[in-house]
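Examining the three-dimensional arrangement
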Amino acid sequence: MAPKADISFTKDLFDAANKMRGSIAPADYKHFVLPLIFLRYISNRYEMKRRELQQQVDDPASELYMEDEDMKQDILEDEEIYKADNIYVLPSQSKWSYIMENAKQPNIKAIVDDAMQAVEQENPELEGMLPRIYQGSNLSAENLAGLIEIFSRKAFSSEDADSVDVLGRTYEYFIGSFASSEGNRGGEFFTPSSVTKLLVAMLEPIAGKVFDPASGSGGMFLQSEEYSKYQNALSFYGQESVTTTVQLGKMNVLLHGINADIRLGDTLINDQFEDLRADFVISNPPFNVSDWGADRIPKQDPRLIGPVTNSNANYMWMQHFLYHLNEQGTAGYVMANGAMTTNARGEKEVRQTLVDEGYVDCIVQMPEKLFFTTGIPCALFFLSKNRDGKKGFRERKDEILFIDVRKMGELVSRRQKALDQEEINHVSSIYHGFKNDGGRYEDVPGLCKAASLKEVKKNDYKLTPGIYVGTAEVEGDGIPYEEKMEALTSTLREQFEESNRLQEKILKDLERLV
């Protein structure tokens with residue numbers, strides 16, 4: 001992996017931004033900071049490309065060399081050249097240099113709003129992404145100028161070749177930091193990286209369509225693109241029900257050079273991708289949502305393989321994921337532990353159907369404290385349509401792989417655990433050995449077990465890995481049994497003698513008191 005630019009100062013940036021929270025609710029602060037980073041990013045890319053073109057039109061050895069100044073200017077202003085490199089064209093009032101020059105002006109809030117609007121007008125594909133919220137907010141002009149000053153530092157300058165990478169990683173850093181500080185609300189748009197990495201490593205998205213119906217900040221897309229060894233071999237599709245989260249996710253993927261089709265709408269009620277059949281569904285949907293609108297799902301909804309219940313949306317999400325897989329597709333998603341054993345009417349029936357029809361491929365029981373939002377442990381579910389022994393996959397339709405990793409992970413903060421890369425590699429290799437044709441897999445007591453469907457049905461369709469994997473074998477200490485028993489017996493005799501001595505002493509002490 002190529003080394004990444006140093007962004008060790010991001011903690012200082014977050015602390016600086018944190019001081020400006022006095023006039024804005026903490027949960028909304030990201031909506032003011034993240035668009036500025038995005039504006040800085042697209043401005044840098046535009047300025048870098050323009051400088052490159054300037055050098056070419058001035059260089060007699062270049063194919064773009066021009067003697068005529070007007071013709072040089074035409075090339076510098078040619079929007080198609082920028083768009084060919086996926087670079088957004090910026091009007092003068094949207095360039096960072098202009099914003100920086102006017103940061104101390106009393107009307108800087110209006111200047112930033114106008115800059116955001118001008119970017120969208122010039123680039124219709126960005127419509128709705130950049131909020132005009134600064135002038136109407138309680139954020140003071142001084143605070144906004146302070147933020148602009150932070151993102152005008154040399155490390156973020158277009159003069160620095162690493163600035164594009166730094167801005168992308170800074171944006172990602174802020175998403176994680178804001179999620180951590182927001183508690184429960186943070187979990188709505190951010191999945192901890194070790195969970196995302198494990199899901200992606202197990203699914204191995206190399207090429208094809210990746211769909212996240214609860215796409216949040218787009219973390220599943222970023223991790224999938226990083227995992228694939230082929231650039232642009234993956235296409236990305238996402239849906240979110242909150243406008244600001246859609247904006248946040250779109251900006252995040254663009255900052256990392258990814259184009260994703262992320263649409264606004266309630267995923268379960270208003271499916272924006274009815275015709276999409278994906279190779280991979282990777283998601284972290286909201287857990288245990290009640291009163292979600294089950295009565296608005298028609299009985300003939302093509303996604304349904306069983307009933308729906310308004311008391312919990314978990315199994316409606318699962319039916320949604322399964323419906324959007326193509327004939328070779330696999331879905332991996334985070335789910336509440338309770339979904340593995342629920343007997344609630346409408347939920348257990350769907351779980352039974354998923355098992356009976358051979359869609360459940362693997363269940364991973366995760367450690368507790370992986371999420372900012374809750375210390376309650378969760379599970380990873382994998383549903384697959386490639387379990388019939390074709391196209392490089394082993395036939396496993398009558399088996400389910402159970403993996404129990406509750407003992408893995410270490411605390412990375414007072415409240416949160418994370419899996420390290422070695423653990424992620426180990427768990428994903430178990431799954432690959434189970435599902436891939438020619439893979440090597442064997443049960444390990446206490447860790448993993450490939451259970452037959454017959455065994456699962458015997459356990460009333462319960463999918464808790466702990467039921468199947470058993471307990472780990474305890475390694476011997478190398479001391480012969482006879483020798484160990486002699487030592488233990490000797491210790492026990494000594495303890496008995498000491499006990500007798502103490503009893504006699506206590507009785508004598510009591511006699512003195514009478």
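The coordinates are above.
Treat the numbers as computed from the prediction; the structure is a model and nothing was measured.

**Brief notes about the overall build of the chain**
A tally of helices and strands in the chain yields 17 helices and 11 strands. Per-residue burial over the chain gives 49% buried out of 514 residues. For the chain, contacts bridging at least 24 residues in sequence account for 73% of all contacts bridging at least 6. For the chain, the exposed surface amounts to about 25400 Å²; the carbon and sulfur share of it is 48%.

**Details of the nonpolar core**
Proteins that are soluble and globular tend to have nonpolar side chains buried together. Core analysis: the biggest nonpolar cluster contains 51 residues, and Leu36, Val112 and Phe151 have the highest contact counts within it. Within the residue set of this core, elements represented by two or more residues are helix H2 (30-58), helix H5 (96-101), helix H6 (108-122), helix H7 (141-150), helix H8 (163-182) and helix H11 (243-255). At 11 residues, H2 tops the list of elements feeding residues into this core. When we break this core down by domain, the ones giving at least three residues each are domain 1 (4-181) and domain 2 (193-467). Non-local contacts of Leu36, meaning those with residues more than four positions away in its chain, are made with Trp96, Val112, Met116, Tyr134, Leu144, Leu147 and Phe151. Counting residues in hydrophobic clusters, the runner-up holds 42 residues, among them Tyr237, Trp292, Leu354 and Tyr468.

**What to know about a negative patch on the surface**
On the surface, a cluster of negative charge is contributed by Glu67, Asp68, Asp70, Asp74, Asp78 and Glu80. Tracing the sequence through the fold places Asp78 in the loop between helix H3 (69-76) and helix H4 (79-84).

**Regarding the packing of H2 against H6**
Contact geometry for H2 and H6: axes closest at 12 Å, N-to-C directions at 55°. As judged from the angle between their axes, H2 and H6 are oblique. Crossing of H2 against H6: the hand is left-handed. Note on element contacts: H6 touches H2 through Val112, Ala115, Met116 and Val119, opposite Pro35, Leu36, Leu39 and Ile42. Along the lines of polarity and charge, the residues of the contact of H2 with H6 split into eight nonpolar, no polar and no charged.

**A look at the pairing of strand S6 (residues 360-365)**
In terms of burial, S6 is largely enclosed, as six of its six residues are buried. As paired elements, S6 and strand S7 (residues 378-384) share five bridges and run antiparallel to each other. Paired with Val360 across the bridge in S7 is Leu383. Relative to strand S8 (residues 399-404), S6 runs parallel, the two sharing four bridges. Pairing of Val364 across the sheet is with Ile403, part of S8.

**Regarding the side chain of Lys95**
Locating Lys95 in the fold gives a position in the loop between H4 and H5. The charged side chain of Lys95 is buried without a salt bridge, its nearest counter-charge being Glu77 at 6.2 Å. Excluding its chain neighbours within four sequence positions, the residues that come into contact with Lys95 are Ser43, Tyr46, Glu47 and Leu90.

**Side note on helix H9 (residues 193-203)**
Taken across its 11 residues, H9 has nine buried, putting it largely inside the fold. Residues of H9 that are buried: Ser194, Val195, Thr196, Leu198, Leu199, Val200, Ala201, Met202 and Leu203. Positive phi shows up at Glu204, right after H9, with a value of about 55°.

**Let's talk about the environment of Tyr333**
If you trace the backbone, Tyr333 turns up in strand S5 (residues 325-336). On the basis of relative accessibility, which here comes to 0%, the residue Tyr333 falls in the buried class. Separated by 134 residues in the primary sequence, Tyr333 and Leu199 have C-alpha atoms spaced 7.2 Å apart. Residues within four places of Tyr333 in sequence aside, it is in contact with Leu199, Ser283, Pro285, Met318, Phe321, Ala379, Leu380, Phe381 and Leu383.

**A closer look at the packing of aromatic side chains**
Geometry of an aromatic ring pair is reported as the spacing of the ring centres plus the angle between the planes. In the structure shown here, the tally under the stated rule is 13 aromatic pairs. Aromatic pair Phe382 and Tyr431: ring centres 5.2 Å apart, planes at 40°, arrangement tilted. Remark: Tyr431 occurs in helix H14 (residues 421-435) and Phe382 occurs in strand S7; sequence separation between them is 49 residues. The exposure class of Phe382 is buried, given its relative accessible area of 0%. Classification of Tyr431 by relative accessible area gives buried; the value is 0%. Ring-pair connections join several aromatic residues into one group, and the members of that group are Trp317, Phe321, Tyr333 and Phe381. Here Arg277 stacks its cationic end above the ring of Tyr323, 4.1 Å away from the centre of that ring. Just above the ring of Phe434 sits the side chain of Arg394; from NZ or CZ to the centre is 5.0 Å.

**Looking at the packing of H9 against H14**
One can describe the packing of H9 onto H14 by two numbers: an axis separation of 8 Å at closest approach and a directional angle of 30°. Between H9 and H14, the angle is such that the two are roughly parallel. As H9 runs across H14, the sense of the crossing is right-handed. Contacts between H9 and H14 involve Ser194, Lys197, Leu198, Ala201, Met202 and Leu203 from the former and Gln421, Ile424, Val427, Ser428, Tyr431, His432 and Lys435 from the latter. Of the residues assigned to the contact of H9 with H14, the class counts are seven nonpolar, four polar and two charged.

**Some remarks on the environment of Ile75**
Inspection of the secondary structure puts Ile75 in helix H3. Taking C-alpha positions, Ile75 is 8.3 Å from Leu64, a pair spaced 11 residues apart along the chain. Each residue touching Ile75, except ones within four places of it in the same chain, is listed here: Leu53, Val57, Leu64, Met66 and Ile81.

**What to know about unusual backbone geometry**
Not every positive phi belongs to a glycine, and Lys391 is a case in point at roughly 50°. Within the element layout of this structure, Lys391 appears in the loop between S7 and S8. Exposure remark for Lys391: the relative accessible area of 68% places this residue in the exposed category. Located in the positive-phi region is Asp460, a residue other than glycine, with phi close to 60°. The topology assignment puts Asp460 in the loop between helix H15 (453-458) and helix H16 (465-469).

Rules behind the numbers
- Residues numbered from 1 in each chain as written.
- Predicted model: local features only at pLDDT ≥ 70, side-chain atom pairs only at ≥ 80, totals over all residues.
- Heavy atoms only, no water.
- Helix = DSSP H or I, 4+ residues; strand = E, 2+ residues; numbered from the N terminus.
- Buried < 20%, exposed > 50% of the residue type's maximum accessible area, 1.4 Å probe, protein only.
- Contact = heavy atoms within 4.5 Å.
- Areas by Shrake-Rupley, 256 points an atom, 1.4 Å probe, with all protein chains shown as cover.
- Core = buried A, V, L, I, M, F, W, Y, C linked by side-chain atoms within 4.5 Å.
- Domains from an automatic or database assignment.
- Patch = residues over 30% accessible without salt bridge, like charges linked within 9 Å, V, L, I, M, F, W, Y side chains within 5 Å.
- Salt bridge = Lys/Arg side-chain N within 4 Å of Asp/Glu carboxyl O.
- Lys, Arg positive; Asp, Glu negative; His and termini not counted.
- Charge placed at Lys NZ, Arg CZ, Asp CG, Glu CD.
- Axes fitted to C-alpha atoms, helices over the stretch in contact; angles between N-to-C directions.
- Parallel < 35°, antiparallel > 145°, perpendicular 65-115°, else oblique.
- Left-handed = near helix turned anticlockwise from the far one by under 90°.
- Nonpolar A, V, L, I, M, F, W, Y, C, P; charged D, E, K, R; others polar.
- Pairing = 2+ DSSP bridges.
- Phe/Tyr/Trp six-rings, centres within 6.5 Å; stacked < 30°, edge-to-face > 60°.
- Lys NZ or Arg CZ within 6 Å of the ring centre and 35° of its normal.

By themselves, these figures tell us nothing about what the structure is for.
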